[in-house]
Amino acid sequence: MPFTMLTSRMVEAQVMPGQTLFSQRGAMLAYRGDVRFTPSITGGQGGVRGMIGRRVANEATPLMTVEGQGAVMFGHGGHHVHVIDLVGDTLYVESDRLLAFDGSLRQSTMFLGSQGGVMGMVRGQVTGQGLFTTTLEGHGSAAVMAHGGVLELPIGPGRPVHVDPQAYVAHRGDVRNKLSTAIGWREMVGRGSGEAFQLELSGTGMVYVQASEEKL
């Protein structure tokens, strides 16, 4: 169920019988055909664990289940939209930046601290970014939101990428993340941008960066 870019801020998805699409609540702009929208209690295929994870992280991003036959146009808040196609790999994306995705993708919730240790928790507390990230795995497409567009930066062996945590949108591949501080703990209070923090992503894959540090 691929997405078609209509403008830089709108995408269209074809909905077919027997297939399911999930979208962020309030993201539907218009639709054609016999299409049904119902609240998703479990939040895709992440089940109760994924739902609880978002609640614990104060990221209760409600989802809608989209079914039927027709075409649906999605957009949200005038944000730029970027489509990512998965071919069996895994995408890690900030939950509040996920606009819509194929129901064929397996969804779960990852605690960033599992990769970033204590610094992953610091990232959520100080930078305002979430502690939990939505993971999508399998074959299908996902549409994500960002401020000012998205830049794809490749990550390779010996070539880590350092990103302002608030500019981070998503990443894919065999990638490890680590948050470090560029200044001392005493001076860090009240600073949430890249001047105080750097999110280092190493391994092999891709990181998606938005053009603005503004939170969604």
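Residues numbered from 1 in each chain as written. Predicted model: local features only at pLDDT ≥ 70, side-chain atom pairs only at ≥ 80, totals over all residues. Heavy atoms only, no water.

Student: Account for the overall build of the protein chain, with residues named and values stated.
Tutor: Per the secondary structure count, the protein chain includes three helices and 13 strands. For the protein chain, buried positions account for 53% of its 216 residues. Within the protein chain, contacts between residues separated by at least 24 positions form 82% of all contacts whose residues are at least 6 apart in sequence. Carbon and sulfur atoms make up 54% of the accessible area of the protein chain, which amounts to about 9800 Å² in all. (Helix = DSSP H or I, 4+ residues; strand = E, 2+ residues; numbered from the N terminus. Buried < 20%, exposed > 50% of the residue type's maximum accessible area, 1.4 Å probe, protein only. Contact = heavy atoms within 4.5 Å. Areas by Shrake-Rupley, 256 points an atom, 1.4 Å probe, with all protein chains shown as cover.)

Student: Which residues make up the pattern of salt bridges, and what are the values?
Tutor: Should their charged atoms come close, side chains of opposite charge can pair. According to the stated counting rule, one finds three salt bridges in the structure shown. Notably, a salt bridge pairs arginine 32 with glutamate 12, separated by 2.9 Å at the nearest N-O pair. One end of the pair, arginine 32, is in strand 4 (residues 28-40); the other, glutamate 12, is in strand 2 (residues 10-15), and 20 residues separate them in sequence. Relative accessible area serves as the criterion here: at 13%, glutamate 12 is assigned to the buried category. A salt bridge links glutamate 137 to arginine 106, with the shortest nitrogen-to-oxygen separation between them at 3.4 Å. You can see glutamate 137 sitting in strand 9 (residues 132-146) and its partner arginine 106 sitting in strand 8 (residues 106-111), a full 31 residues away along the chain. (Salt bridge = Lys/Arg side-chain N within 4 Å of Asp/Glu carboxyl O.)

Student: I'd love a proper account of the side chain of histidine 80, names of residues and values included.
Tutor: Looking at where histidine 80 falls in the secondary structure, it is placed in strand 6 (residues 80-94). Looking at histidine 80, its side chain comes within polar contact range of the side chain of arginine 9, at 3.0 Å. If we ignore the near neighbours within four places in the chain, the residues touching histidine 80 are Ser8, Arg9, Val144, Met145, Ala146, Gly148 and Gly149. (Polar contact = N/O pair within 3.5 Å; in protein donor to acceptor, adjacent residues only side chain to side chain.)

Student: Summarise the confidence of the model for the protein chain; cite the residues concerned and give the values.
Tutor: Low-pLDDT stretches of the model should not have their predicted coordinates read in fine detail. The pLDDT averaged across the protein chain works out to 80; a share of 70% of its residues lies at or above 70. pLDDT under 50 marks residues 45-60. Its contacts with residues more than four places away, or in other chains, come to 28 contacts. Contacts for the low-pLDDT stretch residues 116-130, under 50 throughout, to residues beyond four places or in other chains number 41 contacts. (pLDDT = per-residue confidence, 0-100.)

Student: Break down the pairing of strand 5 (residues 63-74) for me, with residues and values.
Tutor: Counting buried positions over the 12 residues of strand 5 gives 10, a clear majority of the element. Alignment of strand 2 against strand 5, held across five bridges, turns out to be antiparallel. Bridging from a neighbouring strand, valine 11 pairs with phenylalanine 74 of strand 5. Two strands pair when backbone bridges link them, and strand 3 (residues 21-24) and strand 5 are joined in this way by four bridges, in the antiparallel orientation. The residue bridging glutamine 24 from the neighbouring strand is leucine 63, located in strand 5. (Pairing = 2+ DSSP bridges.)

Student: Tell me about the environment of leucine 199, and name the residues and values.
Tutor: Here leucine 199 is to be found in strand 13 (residues 197-210). Sequence separation of leucine 199 and leucine 179 is 20 residues, and the distance between their C-alpha atoms is 4.5 Å.

Student: Just give me the short version of the pairing of strand 1 (residues 3-7), but keep the residues and values in it.
Tutor: Sheet topology places strand 1 next to strand 2; four bridges connect them, and they run antiparallel. Each residue of the ladder has a partner; that of threonine 7, found in strand 2, is methionine 10. Between strand 1 and strand 2, which follow one another and run antiparallel, lie two residues.

Student: Give a description of the environment of histidine 162 that names residues and reports values.
Tutor: Along the chain, histidine 162 falls in strand 11 (residues 161-163). At a separation of 3.2 Å, a polar atom in the side chain of histidine 162 contacts the side chain of glutamate 200.

Student: Requested: an account of the side chain of aspartate 102, with residues and values cited.
Tutor: Of note, aspartate 102 is situated in strand 7 (residues 98-102). No salt bridge is formed by the buried aspartate 102; the nearest opposite charge belongs to arginine 172, separated by 11 Å. One polar contact links the side chain of aspartate 102 to the main-chain amide nitrogen of serine 141, over a distance of 2.7 Å. (Lys, Arg positive; Asp, Glu negative; His and termini not counted.)

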